[in-house]
Amino acid sequence: EKRTRGERSLQCIYNYPQSLNPIATTKIMISGRILNYVCCLYLIVTQFNQTALAFTKPHESTIFGQAKRSNSKKNFPFQTVPRTSSSSSVLLESSSGEIEGKHELLLAEAINLNTTCASAILSEVDQMRKMGASRDSIEQYLDNLLSSGPDATLPFWARSKRLARFSRRARMASLRRTLDITTPPPSESEDESDSTAADASQQRRRRRAFMALLRALESEERGMDGRVPSIVSLEKKATQDLKEDSANLRNRLPEGLETPEYEVLSRRDSIQKSIEIRRYKPYSTCAVSMDKPRPTNSSNTDAKVQMPDIGGASSFGALAGYLFGKNDKSTAMKMTTPVFTSTISDENGKQMEFVLPSEYWNANSLSEAPQPLSGSGVTLQQKESEERAVLLFGGYASKKEVEKRKKELAAALSKDLEWKEGEEAPTVAQYNDPFTVPWRRVNEVSIKVVKK
């Protein structure tokens, strides 16, 4: 009957040429077809996402019952799985598919409006480590979350950012875009010529980025109206903060950690880069070679690192071991920032340095500092006052990015009327821990300068 009425209406248009010419008739028909398709698409998306729409209701629980949702970790209705010494990998057994499904729903909630679910996933990973789960089991758990979430096949319409408020799959697409931004580039020690090794490396880096994103989601706050999904807000911040400006970069410095003291003699800021001429006061570091292999009994002197596959992990572990108590006095010292890395090899080889606490920054007090254990390869060094040109940049300090920033700094100094490069090699300084997302990281490339 409706089709008959529609045909009659169209027939009236065809048979009424006095008021509507053929062009107007065609426009009306095309507009009607477009409106019809839009309405059908809206109904399909709404029908497919009734569950996702229910997730956005703050008074309902969508995972573990009808308890009210709360942002408080204390009140979150998450029932942990009972564990024994032999059940740390229960999530990965084939008989626990229901539990895996619940954790997939946890991820869906974490990127929506309940960031407490991100804390629950991180707590699960920490619990697996404490219970002695193998590294392969933890990686498999993270790979399952990735393959069923952001790395799953998504429909084309999920790429629309406007649908992220209503569609779970659109939010997963937003998570995928943010994950692509967060995944670090390959380190200089990784071989990209072997496709199998390259794929394994890519997956390792993606797991690392996924953990960093979960930590970022954990600290993410809701929008002003409480209805903006956390992943949408995070993607927006990531896109905006990736645009480097001097004020934004300086705000990324970690708070509460000691760093070498300096005086800014001059500053040359531009839209693309921020360069400072600094006069550093004396300070001390502990250093270790990055070119020499670690000894076989390095477990006695090195700290255990969570990601041994990333570049410089063994050197980081050696310095962290010394700083956190594996020294002649068994004294744990407080963490400082940044981590210095020499960018080219000299007669001493490429090396990594940690800044010592301020009580050991002068020559007399350095002799009283805890001494490294024999065979650790760690040495204590005194840094004298000097002037350095420093270029700040965000993101990951990959080899390609460092080379680019070194050229920018050299080009800027070649045009400077007051300062010129010294003879020492440039140094890279990284201020943030490996799990910090790239849009919240700050790094520096610096070189010693002298007056012209």
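Treat the numbers as computed from the prediction; the structure is a model and nothing was measured.

Enquirer: Lay out the overall build of the chain with the relevant residues and their values.
Expert: Helix and strand counts for the chain stand at 13 helices and 10 strands. Counting across all 452 residues of the chain, residues that qualify as buried make up 43%. Surface summary for the chain: the accessible area is close to 24800 Å², and the carbon and sulfur share equals 52%.

Enquirer: Describe the pattern of salt bridges, and please don't skip the residues or the numbers.
Expert: Scanning all chains against the criterion turns up 24 salt bridges. Among the ionic pairs, Arg-405 bridges to Glu-408, the shortest N-O distance being 3.3 Å. Pair noted here: Arg-405 and Glu-408 are both in helix 13 (residues 399-414), with a separation of 3 residues, about one helical turn. The partly exposed category is assigned to Glu-408, whose relative accessible area is 22%.

Enquirer: Which residues make up the packing of aromatic side chains, and what are the values?
Expert: Summed over all chains, the structure comprises 4 aromatic pairs. For the ring pair Tyr-262 and Tyr-280, a centre distance of 5.2 Å and an interplane angle of 50° mean the geometry is tilted. One end of the pair, Tyr-262, is in strand 1 (residues 262-269); the other, Tyr-280, is in strand 2 (residues 274-280), and 18 residues separate them in sequence. Take Tyr-280: its relative accessible area is 6%, and that puts it in the buried class. Ring centres 6.3 Å apart and planes at 50° place the aromatic pair Tyr-280 and Tyr-283 in the tilted group.

Enquirer: Give me the confidence of the model for the chain: which residues, what numbers.
Expert: Should the pLDDT be low somewhere, the predicted coordinates at that spot are not to be read in detail. Averaged over every residue, the pLDDT of the chain is 79; residues scoring 70 or more account for 76%. Mean pLDDT per element in the chain: helix 3 (residues 50-55) is the minimum at 44, and strand 9 (residues 427-430) is the maximum at 95. Of the regions scoring below 50 in pLDDT, residues 50-96 engages in 93 contacts with residues more than four places distant in sequence or in other chains.

Enquirer: I'd like to hear about the packing of helix 7 (residues 168-182) against helix 8 (residues 195-218), residue by residue, with values.
Expert: Following both chains from N to C, one finds helix 7 and helix 8 inclined at 115°, their axes separated by 9 Å at the closest point. Viewed along their axes, helix 7 and helix 8 adopt a mutual orientation that is roughly perpendicular. Seen from above, helix 7 lies across helix 8 with right-handed handedness. Contacts between helix 7 and helix 8 involve Leu-175, Arg-176, Thr-178, Leu-179, Asp-180 and Thr-182 from the first element and Arg-206, Ala-209, Phe-210, Ala-212 and Leu-213 from the second.

Enquirer: Lay out the packing of helix 5 (residues 116-130) against helix 6 (residues 135-148) in plain terms, naming residues and giving numbers.
Expert: Angle between the axes and distance between the axes: these two values describe a pair of packed helices. Between helix 5 and helix 6, whose axes approach to 10 Å, the crossing angle comes to 160°. By the criterion of interaxial angle, the relationship of helix 5 to helix 6 is roughly antiparallel. In the packing of helix 5 onto helix 6, the handedness of the crossing is right-handed. In contact with Ile-121, Glu-124, Val-125, Met-128 and Arg-129 of helix 5, helix 6 contributes Ser-137, Ile-138, Tyr-141, Leu-142 and Leu-145. Of the residues that constitute the contact of helix 5 with helix 6, the class distribution is 7 nonpolar, 1 polar and 2 charged.

Basis of the calculations
- Residues numbered from 1 in each chain as written.
- Predicted model: local features only at pLDDT ≥ 70, side-chain atom pairs only at ≥ 80, totals over all residues.
- Heavy atoms only, no water.
- Helix = DSSP H or I, 4+ residues; strand = E, 2+ residues; numbered from the N terminus.
- Buried < 20%, exposed > 50% of the residue type's maximum accessible area, 1.4 Å probe, protein only.
- Areas by Shrake-Rupley, 256 points an atom, 1.4 Å probe, with all protein chains shown as cover.
- Salt bridge = Lys/Arg side-chain N within 4 Å of Asp/Glu carboxyl O.
- Phe/Tyr/Trp six-rings, centres within 6.5 Å; stacked < 30°, edge-to-face > 60°.
- pLDDT = per-residue confidence, 0-100.
- Contact = heavy atoms within 4.5 Å.
- Axes fitted to C-alpha atoms, helices over the stretch in contact; angles between N-to-C directions.
- Parallel < 35°, antiparallel > 145°, perpendicular 65-115°, else oblique.
- Left-handed = near helix turned anticlockwise from the far one by under 90°.
- Nonpolar A, V, L, I, M, F, W, Y, C, P; charged D, E, K, R; others polar.

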